[in-house]
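Summary of the model geometry
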Amino acid sequence: MTTSVSAAPQFLVDDLERSLRFYEERLGFTRDFVYEGFYASVSRGGAVIHLKCAPKLEAGRAHRKAEEHLDAFLAVTGVEELHAELAGRGATIARPLERRPWGARDFYVEDPDGYVLCFSENA
C-alpha cells in the first residue's frame, strides 16, 4: 500500500529571484533547488513550496485575495514566536495573529506575487 508523504503548492511568480529572496529573507525558508532559472523549491521544516516563473491571471489573484482564499495553509508550532520572527524580518502580515472561532491561532502573510499563506497552530 502506498501513502502520500507530502504536498507542495506551486505558485506562479513574475520574478523567480525576487520570490526566492522573499521566502529566504522574510520567511526563513531554505532554497532546495533551482532548475534552469524558471523553477525552484523552498522549504521550512516540513513545509515545501514550488515557485515557477510563468504568467498568471491577475483577475484570479485579485478574486482570491478579495474573498480571502488561502493559497497555502501551514500547520506550525510556536505560532506567536513565528509571528514575531516573520514580522521582524519585514514580512507583510496580511491578517494579524488571532484566535479563530474553531480554536486555532493563526496569521496570514502575503508574498510579492499576492499569494496568501496561513500559519496556524491548533490550541
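A brief look at the structure comes next. (Residues numbered from 1 in each chain as written. Predicted model: local features only at pLDDT ≥ 70, side-chain atom pairs only at ≥ 80, totals over all residues. Heavy atoms only, no water.)

As for the nonpolar core
Inclusion rule: To qualify as a nonpolar core, a set must consist of buried Ala, Val, Leu, Ile, Met, Phe, Trp, Tyr and Cys residues joined through side-chain atoms within 4.5 Å. Exposure categories follow from relative accessible area, calculated using a 1.4 Å probe and restricted to protein chains: below 20% of the type maximum is buried, above 50% is exposed, and the middle band is partly exposed. Put simply, DSSP marks the helices as runs of H or I at least four residues long and the strands as runs of E at least two long, and each gets a number from the N terminus on. Contacts are residue-level and defined by heavy atoms, with any inter-residue pair within 4.5 Å sufficient.
If you look at the biggest cluster of nonpolar residues, it comprises 25 residues, and the most contacted ones within it are Phe11, Tyr23, Leu27, Leu51, Leu117 and Phe119. Secondary structure elements with two or more residues in this core: β1 (10-13), α1 (16-26), β3 (39-44), β4 (47-53), β5 (72-75), α3 (79-88), β7 (105-110) and β8 (116-121). In contact with Phe11, not counting residues within four places along its chain, are Tyr23, Ile49, His50, Leu51, Lys52, Asp71, Ala72, Asp111, Tyr115 and Leu117.

A look at the pairing of strand β6 (residues 92-99)
Short version of the rule: Only strands that DSSP links by at least two bridges are regarded as paired with each other.
Across 5 bridges, the pairing between β6 and β7 is antiparallel. Its bridge partner lying in β7, Arg99 is registered against Arg105. Following β6, the chain reverses through 5 residues before pairing antiparallel with β7; Gly103 in that reversal takes a positive phi of roughly 100°.

Re the pattern of salt bridges
Our working rule: In the sections that follow, a salt bridge refers to a side-chain nitrogen of Lys or Arg positioned within 4 Å of a carboxyl oxygen of Asp or Glu.
Considering all chains together, one arrives at 9 salt bridges under this definition. A salt bridge links Glu17 to Arg31; its shortest N-O distance comes to 3.6 Å. Within this pair, whereas Glu17 is found in helix α1, its partner Arg31 is found in strand β2 (residues 30-35), the two being separated by 14 residues in sequence. When its relative accessible area of 36% is taken as the criterion, Glu17 is described as partly exposed. Classification of Arg31 by relative accessible area gives partly exposed; the value is 31%.

As for the packing of aromatic side chains
Geometry of an aromatic ring pair is reported as the spacing of the ring centres plus the angle between the planes. Counted only if it meets this: Ring pairs are drawn from Phe, Tyr and Trp, using the six-membered ring of Trp, whenever the two centres fall within 6.5 Å, and their geometry is named by plane angle: stacked under 30 degrees, edge-to-face over 60, tilted for the rest.
Applying the stated criterion across every chain, the model contains 7 aromatic pairs. Both rings, one in Phe107 and one in Phe119, keep their centres 5.3 Å apart while their planes meet at 20°; by these two values the pair is stacked. In this pair, Phe107 sits in strand β7 while Phe119 sits in strand β8, placing the two residues 12 residues apart along the sequence. Phe107 sits in the buried class, given a relative accessible area of 0%. For Phe119, a relative accessible area of 3% gives the class buried.

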